[in-house]
Amino acid sequence: MKLLSSQVDGYIESSSWIRKMFEAGIELKKKYGEENVCDFSLGNPDVPAPAVVGEALREIAETADQPFSFGYMPNFGYPDVREKLAVKVSEEQGVKVEGADLVITCGAAGAINALYRTVLEPGEEIICPAPYFVEYGFYAQNYGGVLKTVPSKPLTFEMNFKGIDEAINENTRVILINSPNNPTGAVYSEEDIKKLAGIIRKHNEGRERPIFLVADEPYRFLAFDDVEVPSILPHYEYSVVVSSFSKNLSLAGERIGYALINPDMPRKAELIAGLVLANRILGFVNAPAVGQKLLARALGSGVDKNIYLERRNAMAEVLDNAGYNYTMPKGAFYFFPEAPGGDDVKFCAALQEERILAVPGSGFGAPGYFRLTFCVGTDVIKRSEEGFKKARARFK
Ligand code: PLP
């Protein structure tokens, strides 16, 4: 008897080595104690939410005795939260956004899923640079879409424009970019965005169904060394920004984010109506009531970015001292160094023997690298140096 769909059964089977690594990590922590394992595998922000979140929660609790305090609402979210969010994203994007251009969603993940549900026909393609956030493949397949990845330049992870240009065909529906990037920490420049927009515009000519440019931006707030994160909106009219408060407010479990439709998109009202409907019929119904109320009060605040900066610098020092090859991340909280010896799965197994948990690049469509997340204290980062040295020495 089969309990699962063949697709989900296949997903579980094909991700079994990731699961094995995850389980091995749990075993390591059991055996040596959590404090003796350096876990760089999880992208779950450990920096506490800003104080305003706690204060807001207490305020929200005071309203619990009123009818509909946490009741259903319009599928796009609370109208007043949408208006407040519009002011904030107008500042961030440098483009005037109205509340009606936004749909509040269950995280950036919920926004991407609602968008795909709205625009994809089965068999249509989404192109994204690799390495990429592994869930992108599943989100595409949820709606019969196909994720087509284009390898970025080795080690620097700059966009491969020629590759993207060649990958676009009549089935292309979405170009998806993520900057600052998970897993590489790359940030695309304004020149990059303009160049990409030019390529898409060229392919868009004469098409009945436009190609959408989608920017997934949950790490927009976290760019280092004064690097700018340019908006895609001024450069291409069929564009959508998806983002969330999972990282900048450390609210990842509260599932709160948004889709922002380019205010200049022709016939944008149709797309927004589709997204609102998709939000409902996918079973999200609306983004969480408490999360939205929190957001309304916490907009403009954020976690202390200096904590991440300090960690990035500490991690760079560890990797330098241990002789690793990597590009310094310009944003987000990841490093994506080359795996000594070239076999990322083998190398991550060697790291585990040194009680260091990392994720092989194969999990992000980029074998030969591994991902380290700095969602841990600098003490853990510094403590890992010897282990990194020993693991590398095995592959000389
Ligand atoms: N996109 C990227 C690149 C991510 O790294 C993540 C989460 O780690 C998401 C989307 C999903 O985030 P959210 O919690 O906003 O759904």
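This structure is a prediction, so every number in the text was calculated from the model and none was measured.

A. Fine view of the domain arrangement of the chain. The assigned domain composition of the chain is domain 1 (6-49 + 303-393) and domain 2 (70-298). Taking the mean C-alpha position of each, domain 1 and domain 2 sit 27 Å from one another. Counting residues at the interface gives 32 residues for domain 1, matched by 30 residues for domain 2. Carbon and sulfur atoms make up 61% of the surface buried where domain 1 meets domain 2, a total of about 2500 Å² over both sides. For domain 1, the biggest contributors to the area lost against domain 2 are Tyr11, Lys330 and Phe364; these three give 22% of the whole. For the pair domain 1 and domain 2, the number of links is 1 salt bridge.

B. Molecular detail of the nonpolar core. Counting residues in each nonpolar core, the largest one holds 48 residues, and the members touching the most others are Leu102, Ile175, Ile177, Leu196, Leu213, Ile232 and Leu260. Phe224, Ile356, Val380 and Phe388 belong to the second largest nonpolar core, which has 37 residues in total.

C. Focus on the site of the ligand. Around the ligand, the surrounding shell holds 14 residues, and the nearest of these are Asp216, Tyr219, Ser244, Ser246 and Arg255. Measuring from an oxygen atom of the ligand, one finds a side-chain N or O atom of Tyr219 at 2.7 Å. Here Ser246 contributes a side-chain N or O atom positioned 2.6 Å from an oxygen atom of the ligand. With the chains in place, 92% of the 400 Å² that the ligand exposes on its own is no longer accessible.

D. Up close: the sheet that holds strand S12 (residues 370-373). Read across the sheet, 3 strands follow the order S9-S12-S11 without closing on themselves; strand pairing throughout is antiparallel. Taken across any chain shown, the strands that pair with only one partner, and hence form the sheet edges, are strand S9 (334-335) and strand S11 (359-360). Taken together, the 2 bridges between S11 and S12 define a ladder with antiparallel strand orientation. The residue bridging Pro360 from the neighbouring strand is Phe370, located in S12.

E. Fine view of the sheet that holds strand S2 (residues 102-105). Spatial ordering of the open sheet is given by S2-S8-S7-S6-S5-S3-S4, a layout of 7 strands whose pairing is mixed. The sheet is open, and its two edges are formed by S2 and strand S4 (146-151), each paired on a single side. Averaged over neighbouring strand pairs, the angle between their axes works out to 20° when direction is ignored. Bridge count between strand S3 (residues 125-130) and strand S5 (residues 172-178): 3 bridges; the pairing is parallel. Note that in S5 the partner of Ile127 across the bridge is Ile175. Its contacts with the sheet put helix H8 (residues 190-204) on S5 and strand S6 (212-216), and the angle it makes with S5 is roughly 175°. Strands in contact with helix H9 (residues 268-281) are S2, S6, strand S7 (239-244) and strand S8 (257-261); relative to S2, the strand with the most contacts, it is inclined by about 15°.

F. Region of interest: the layout of surface pockets. If you add up the space inside the largest pocket, you get close to 1200 Å³. Along the walls of the largest pocket sit 49 residues, with Phe133, Val134, Glu135, Phe364 and Arg371 positioned nearest its centre. Sorting the residues of the lining of the largest pocket by element identifies helix H1 (6-14), helix H2 (16-32), helix H5 (107-119), helix H6 (135-141) and S11 as the ones contributing at least two each. Partitioning the lining of the largest pocket into residue classes produces 26 nonpolar, 16 polar and 7 charged.

G. Broad picture of a nonpolar patch on the surface. On the surface, a nonpolar cluster with roughly 380 Å² of combined accessible area is contributed by Leu3, Leu4, Val8 and Ile12. Along the chain, the position of Leu3 falls in the segment before H1.

H. Examining the environment of Tyr78 more closely. With respect to the helices and strands, Tyr78 occurs in the loop between helix H3 (51-61) and helix H4 (79-93). In the structure, Tyr78 is positioned 223 residues away from Ser301 in sequence and 20 Å away in space, judged by C-alpha atoms. Those residues in contact with Tyr78, other than ones at most four positions away along the chain, are Ser69, Gly71, Met73, Ile104, Ala289, Gln292 and Lys293.

I. Highlighting empty space enclosed by the protein. Following the criterion strictly, the structure yields 3 cavities of 30 Å³ or more and no others. Roughly 100 Å³ of volume is contained in the largest cavity. Those elements that place two or more of their residues in the lining of the largest cavity are H4 and S7. Looking at the lining of the largest cavity, the element that brings in the most residues is H4, giving 3 residues. For the lining of the largest cavity, the residue count by class is 5 nonpolar, 3 polar and 4 charged. One number sums up the size of the second largest cavity: a volume of about 60 Å³. Lining the second largest cavity, in full, are Ile177, Asn178, Ser179, Tyr188, Ile193, Ala215, Glu217, Val229, Pro230 and Ile232. Looking at the lining of the second largest cavity, its residues break down into 7 nonpolar, 2 polar and 1 charged.

J. Highlighting the packing of helix H12 (residues 344-353) against helix H14 (residues 385-393). Direction vectors running N to C along H12 and H14 enclose 135°, while the axes themselves pass 9 Å from each other. The angle between the axes of H12 and H14 places the two elements in the oblique class. Between H12 and H14 the crossing geometry is right-handed. Counting all contacts with H12, which are made through Phe347, Ala350 and Leu351, the residues of H14 involved are Phe388, Ala391 and Arg392. For the contact of H12 with H14, the class distribution of residues is 5 nonpolar, no polar and 1 charged.

Procedures and definitions
- Residues numbered from 1 in each chain as written.
- Predicted model: local features only at pLDDT ≥ 70, side-chain atom pairs only at ≥ 80, totals over all residues.
- Heavy atoms only, no water.
- Domains from an automatic or database assignment.
- Contact = heavy atoms within 4.5 Å.
- Buried area = accessible area lost by both parts, 1.4 Å probe.
- Salt bridge = Lys/Arg side-chain N within 4 Å of Asp/Glu carboxyl O.
- Core = buried A, V, L, I, M, F, W, Y, C linked by side-chain atoms within 4.5 Å.
- Buried < 20%, exposed > 50% of the residue type's maximum accessible area, 1.4 Å probe, protein only.
- Near = heavy atom within 4 Å.
- Polar contact = N/O pair within 3.5 Å; in protein donor to acceptor, adjacent residues only side chain to side chain.
- Areas by Shrake-Rupley, 256 points an atom, 1.4 Å probe, with all protein chains shown as cover.
- Pairing = 2+ DSSP bridges.
- Helix = DSSP H or I, 4+ residues; strand = E, 2+ residues; numbered from the N terminus.
- Axes fitted to C-alpha atoms, helices over the stretch in contact; angles between N-to-C directions.
- 1 Å grid on protein atoms, 1.4 Å probe; cavity = no way out; pocket = protein on both sides within 12 Å on 5 of 7 lines; lining within 4 Å.
- Points joined across faces, edges and corners; volume = space filled by probe spheres on them.
- Nonpolar A, V, L, I, M, F, W, Y, C, P; charged D, E, K, R; others polar.
- Patch = residues over 30% accessible without salt bridge, like charges linked within 9 Å, V, L, I, M, F, W, Y side chains within 5 Å.
- Parallel < 35°, antiparallel > 145°, perpendicular 65-115°, else oblique.
- Left-handed = near helix turned anticlockwise from the far one by under 90°.

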